[in-house]
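# Examination of the molecular architecture
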Amino acid sequence: MRVLIITSDRIAAAVLTSLIERAGHTADIALDAISGREKYLGLTPQLVVMSWDGNDNAVRELCAAVRGQDNRYYSYLFAMSSRLEREDRLAAMDAGVDDFLQFPLDSAEVFARIRVAERIVSMHAEIHARTTEIENMARDMEFQNINLAEMLKCIQHANIRF
């Protein structure tokens, strides 16, 4: 998975990068929500880990931008904070966040949450692939129905003549 880390905390970014790479994924870093949004649009990562401050409108706008994208690709969003009180969690979920990481980071918990993100992103990709397959089949059937209708007209016309 491609992972975008958005935080101004360089130490947290280094720790997360190390954990993400140990889990077999690629990490990109943005130091603020504005550059994070630009990187997101250029990379379309499957996982975004961002510092969460409930008062940061740029982070809320980033969440809205991610959730407003074409749903062919699902990006799983983590909010990361040293304080995740109930109100913070609810505000983050309302903004579009899927899960939370709390400082100090616990590597086993980070790995477990990444596995959850992998499953959800994978299921979304499979659903999208199956939906595309069904849509293609529906178009093929529509074309076949048009051909069958034309053939039926020809047969009916031929029956009238005989």
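Here, every reference points to the structure presented above.
Because the structure is a prediction, the values reported are computed rather than measured. (Residues numbered from 1 in each chain as written. Predicted model: local features only at pLDDT ≥ 70, side-chain atom pairs only at ≥ 80, totals over all residues. Heavy atoms only, no water.)

We now examine the packing of helix 2 (residues 33-43) against helix 3 (residues 57-67). Remark: helix 2 packs on helix 3, axes separated minimally by 9 Å, with the N-to-C direction vectors making an angle of 15°. As judged from the angle between their axes, helix 2 and helix 3 are roughly parallel. By crossing handedness, the relation of helix 2 to helix 3 is classed as right-handed. Contact with helix 2, carried on its side by Ala33, Ile34, Gly36, Arg37 and Tyr40, involves Ala58, Val59, Glu61, Leu62, Ala65 and Val66 of helix 3 and no other residues of that element. Counted by class, the contact of helix 2 with helix 3 contains 8 nonpolar, 1 polar and 2 charged residues. (Axes fitted to C-alpha atoms, helices over the stretch in contact; angles between N-to-C directions. Helix = DSSP H or I, 4+ residues; strand = E, 2+ residues; numbered from the N terminus. Parallel < 35°, antiparallel > 145°, perpendicular 65-115°, else oblique. Left-handed = near helix turned anticlockwise from the far one by under 90°. Contact = heavy atoms within 4.5 Å. Nonpolar A, V, L, I, M, F, W, Y, C, P; charged D, E, K, R; others polar.)

The next point concerns the environment of Asp98. Of note, Asp98 is situated in the loop between helix 4 (86-95) and strand 5 (99-102). Taking the C-alpha atoms as reference, Asp98 lies 35 Å from Arg139; in sequence the two are 41 residues apart. Once residues lying within four places of it in the same chain are set aside, the contact partners of Asp98 are Arg67, Tyr74, Ser75, Tyr76 and Leu77. At a separation of 2.7 Å, a polar atom in the side chain of Asp98 contacts the side chain of Tyr74. (Polar contact = N/O pair within 3.5 Å; in protein donor to acceptor, adjacent residues only side chain to side chain.)

As a further point, take a nonpolar patch on the surface. On the surface, Ile120, Met123 and Ile127 cluster together to form a nonpolar patch covering roughly 280 Å² of accessible area. Along the chain, Ile120 falls in helix 5 (residues 107-161). (Patch = residues over 30% accessible without salt bridge, like charges linked within 9 Å, V, L, I, M, F, W, Y side chains within 5 Å. Areas by Shrake-Rupley, 256 points an atom, 1.4 Å probe, with all protein chains shown as cover. Salt bridge = Lys/Arg side-chain N within 4 Å of Asp/Glu carboxyl O.)

As summarised here, the arrangement of the 5 strands in space is 2-1-3-4-5, forming an open sheet in which the pairing is parallel. The sheet is open, and its two borders are formed by strand 2 (26-30) and strand 5, each paired with just one other strand. Direction aside, the axes of adjacent strands within the sheet are offset by 20° on average. Of the strand pairs in this sheet, strand 1 (residues 2-6) and strand 3 (residues 47-51) are connected by 4 bridges, and their pairing is parallel. (Pairing = 2+ DSSP bridges.)

Let us look at the pairing of strand 3. With respect to burial, strand 3 is a largely interior element, 4 of its 5 residues being buried. Looking at chain direction, strand 3 and strand 4 (residues 76-81) are connected through 5 bridges and run parallel. For Leu47, the partnering residue across the bridge sits in strand 4 and is Tyr76. (Buried < 20%, exposed > 50% of the residue type's maximum accessible area, 1.4 Å probe, protein only.)

The next point concerns unusual backbone geometry. The residue after Phe103, namely Pro104, is reached through a cis peptide bond having omega -5°. For Pro104, the location among the structural elements is in the loop between strand 5 and helix 5. Here the phi dihedral of Thr44 falls at roughly 45°; this positive angle occurs in a residue that is not glycine.

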